[in-house]
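Observations on the three-dimensional arrangement
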Amino acid sequence: MDNLFDFLENQTRDENKQDKETQDKKENEVIIASKARKTVDEQHLKYIEEIKITLYNDEEIKKSGLERKEYIRLNSYIGARLDTDLRGKTTLKEIVVETEVIDIAQNIEFTKELNINQFETIDMEEDIFGDELVEEKLLIVDGSSLLSTSFYATARDLLFAKTDEQKEFAYTKLMKSPDGEYTNGVYMFFKTLLPLLEKQKISHLAVVLDRSRNTFRREIDPEYKANRSETPYPLKSQFMMLTELLKEINIPVFSHGDYEADDFAGTITKKFEKDISIYLHTKDEDYLQLVSEYTKLWMVTGKAEDMYKELGINKNDLKIPNGVFEYTPKYVKYFKGVDPIQIIDIKAIEGDKSDNIKGVKNVGPTSSRPLVAHYGSVEGIYEVLDNLDKDKEKELNTFFKESLGIKRTPIKNLLLYKEDAIISKKLATIKTDIEEIQELELDKLKLDINIDKMELEFKRLGMNSLMK
């Protein structure tokens, strides 16, 4: 069937190959279809209004037995069909064929047997009933990542400065406001964010920011991120500036000394991902663990083009921002060898030098990823390794080599550094239950930028080119 709901389409008739009985039957079908079209056309506008009313009605969704997103997508599809040249062939409440009324529930049951991806040809950003039916999107921006990237993208000399004198000289070349405040990072932040909001038709927005390295993770391991150098003061000052500016122009911003930016992103994601499509924007691979059927990750990476080529995908056919790779659970599995939630476990074993997470010494991706993929988690691995006798260890090593492709046995190091692995997993896990966020309502994240105030602030900071 070319189209799930287009079952009133007449078959092409070939009089030379049909006997009279078949021909009569076909002519009768044409009459029936014609009657059906007339009957439904009269109720066309009425049903569109009914769809608009019931589309987001929680009681109707519950009655359907479908997931919220599947229900909305299915019924929006029906609405779209009603507005085509095939209008009247299917409605939300009933399908009329001559005098027979078929309950839509039968069609919903039929639909549930199919892959919902069959409807991908319908552009849900298309204006079906007006702006209200454009797909709602919550964009969560890792503000720390974007600000840092924006800062260094416009501070090239600083990247090559080695002495304090060279650094101070590099600072003199940075963009400043008329009052002498450093603004290069904030400028590029908005130069990236504002077009992103417009082109991607973002309906809800949250910016998450780091405030301190002395978060709750330092209580787990005092050495966490202790290897990082001091943040240059022109960048540090812009963290404060950005936080205040976002508040001034009515963009929700989340920052607290006890948590990292990704903890706020994780909590907001898990709270709302079943209510709205969520997109995470960052260059931090820790966010991979948050990817789900509801949440996609827009990973900022210079490898994006090559990754799409490897998958045989033309990036130009995708409606995604430039310079990012869009991770779904399928692509996390493809590139990392594990499911999104297992990113935590491979980091627990492999460690992370940038965050000073130890992991298990001398055990890398060639061992950790097959182990995690097979046993499910760090805990699952140690259930097998604990209390091994010599015979069992030999048998296990053979299994690792022949079935998992692990050439060099990791058993000794996994047992020796077990405590490091357990602690590393705690450090690598993004918090998804920050108490203060639990009372947050989705409407509070609805995009509602104070344009007048924003332009005044841009003018004050000398960022006139950002003003429309």
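Above this text sits the structure in question.
These remarks concern the structure in this document. (Residues numbered from 1 in each chain as written. Predicted model: local features only at pLDDT ≥ 70, side-chain atom pairs only at ≥ 80, totals over all residues. Heavy atoms only, no water.)

Roughly 1,300 Å³ of internal volume is contained in the second largest pocket. Taken together, 39 residues make up the lining of the second largest pocket; nearest its centre are S148, R213, R228, T231 and F239. Only α6 (143-153), α7 (156-160), α8 (164-171), α11 (233-248) and α12 (261-272) provide two or more residues apiece to the lining of the second largest pocket. Considering each element in turn, the lining of the second largest pocket owes the most residues, six residues, to α11. Of the residues belonging to the lining of the second largest pocket, the class tally is 11 nonpolar, 11 polar and 17 charged. (1 Å grid on protein atoms, 1.4 Å probe; cavity = no way out; pocket = protein on both sides within 12 Å on 5 of 7 lines; lining within 4 Å. Points joined across faces, edges and corners; volume = space filled by probe spheres on them. Helix = DSSP H or I, 4+ residues; strand = E, 2+ residues; numbered from the N terminus. Nonpolar A, V, L, I, M, F, W, Y, C, P; charged D, E, K, R; others polar.)

This part takes up the nonpolar core. By size, the foremost hydrophobic cluster in this structure holds 96 residues, and its most contacted members are L139, F190, I268 and Y327. Ranked by residues supplied to this core, first place goes to helix α9 (residues 184-199) with eight residues. With sequence-adjacent residues up to four places away left out, I268 is seen in contact with L138, I140, A206, V208, F254, I278, I437 and L445. (Core = buried A, V, L, I, M, F, W, Y, C linked by side-chain atoms within 4.5 Å. Buried < 20%, exposed > 50% of the residue type's maximum accessible area, 1.4 Å probe, protein only. Contact = heavy atoms within 4.5 Å.)

Okay, the pattern of salt bridges next. Opposite charge on two side chains permits pairing when their charged atoms draw close. Throughout the structure, instances matching the rule amount to 23 salt bridges. Here K347 and D352 are joined by a salt bridge, their closest N and O atoms 2.8 Å apart. You'll find K347 and D352 in the same group, each marked buried. E350 is the partner of R369 in a salt bridge, and the nearest nitrogen-oxygen pair spans 2.9 Å. Of the two residues, R369 sits in helix α16 (residues 365-375) while E350 sits in helix α15 (residues 343-350), which places them 19 residues apart along the sequence. Overlapping salt bridges, with partners in common, bring together E181, E248, K453, E457 and R460 in one network. (Salt bridge = Lys/Arg side-chain N within 4 Å of Asp/Glu carboxyl O.)

Attention now moves to the packing of helix α17 (residues 378-385) against helix α20 (residues 418-428). The relative placement of two packed helices is expressed as an angle between their axes plus a distance between the axes. Relative to each other, α17 and α20 sit at 160°, their axes nearing to 11 Å. Overall, the two elements α17 and α20 adopt an arrangement that is roughly antiparallel. In this structure, α17 meets α20 at a crossing whose hand is left-handed. The residues of α20 that touch α17, namely those facing V378, E379 and Y382, are K418, A421, I422 and K425. Looking at the contact of α17 with α20, its residues break down into four nonpolar, no polar and three charged. (Axes fitted to C-alpha atoms, helices over the stretch in contact; angles between N-to-C directions. Parallel < 35°, antiparallel > 145°, perpendicular 65-115°, else oblique. Left-handed = near helix turned anticlockwise from the far one by under 90°.)

Following the criterion strictly, the structure yields 16 aromatic pairs and no others. The interplanar angle of 90° and the centroid separation of 5.0 Å between the aromatic rings of F151 and Y152 together place this pair among those described as edge-to-face. What makes F151 buried here is its relative accessible area of 0%. Of the residues examined, Y152 reaches a relative accessible area of 28% and is grouped as partly exposed. Here the aromatic rings of Y334 and F335 are separated by 4.8 Å at their centres, their planes lie at 80°, and the arrangement is edge-to-face. Given the relative accessible area of 21%, F335 is considered partly exposed. Taken together, Y308, F325, Y327, Y331, Y334 and F335 form an aromatic cluster joined through their ring pairs. Between the NZ or CZ atom of K431 and the centre of the ring of F216, over which it lies, the distance is 5.8 Å. (Phe/Tyr/Trp six-rings, centres within 6.5 Å; stacked < 30°, edge-to-face > 60°. Lys NZ or Arg CZ within 6 Å of the ring centre and 35° of its normal.)

Taken together, six strands build an open sheet; the order of strands is β5-β4-β3-β6-β7-β8 and the sheet is mixed. Sheet topology places β5 (253-254) and β8 (324-327) at the edges, where each strand pairs with a single neighbour. Here strand β3 (residues 137-142) pairs with strand β4 (residues 204-208) via five bridges, running parallel. For V141, the partnering residue across the bridge sits in β4 and is V207. (Pairing = 2+ DSSP bridges.)

With that out of the way, let us pick up the pairing of β8. Here β8 shows a buried face lined by V324 and E326 and a second buried face lined by F325 and Y327. As judged from the four bridges shared by strand β7 (residues 295-300) and β8, these two strands associate in the antiparallel manner. Bridge pairing links W298 to E326 in β8.

What follows concerns the side chain of D142. Considering the arrangement of structural elements, one finds D142 in strand β3. Despite being buried, D142 has no salt bridge partner; K225 is the closest side chain of opposite charge, sitting 8.9 Å away. (Lys, Arg positive; Asp, Glu negative; His and termini not counted.)

This brings us to empty space enclosed by the protein. Empty space among the atoms becomes apparent when a probe as large as a water molecule is rolled across them. This model, assessed by the stated rule, comprises two cavities of 30 Å³ or more. Considered as a void within the structure, the second largest cavity measures approximately 40 Å³ in volume. Taken together, R217, Y224, E260, D262, D286, K347, D355, L427, A428, T429 and I430 form the lining of the second largest cavity.

The pairing of strand β6 (residues 277-282) with β7 spans five bridges and is classified as parallel. Opposite Y279, over in β7, you have K296 as the bridge partner.

With that settled, consider α11. With 16 residues, α11 ought to run about 22 Å at 1.5 Å a step, and its terminal C-alpha atoms sit 23 Å apart, in line with that. Within α11 the residues assigned to the buried category are P234, L235, Q238, F239, M241, L242, T243, L245 and L246. Where α11 ends, the next residue or the one after it, N250, has phi of about 75°, a positive value. (Expected span 1.5 Å × (residues − 1).)

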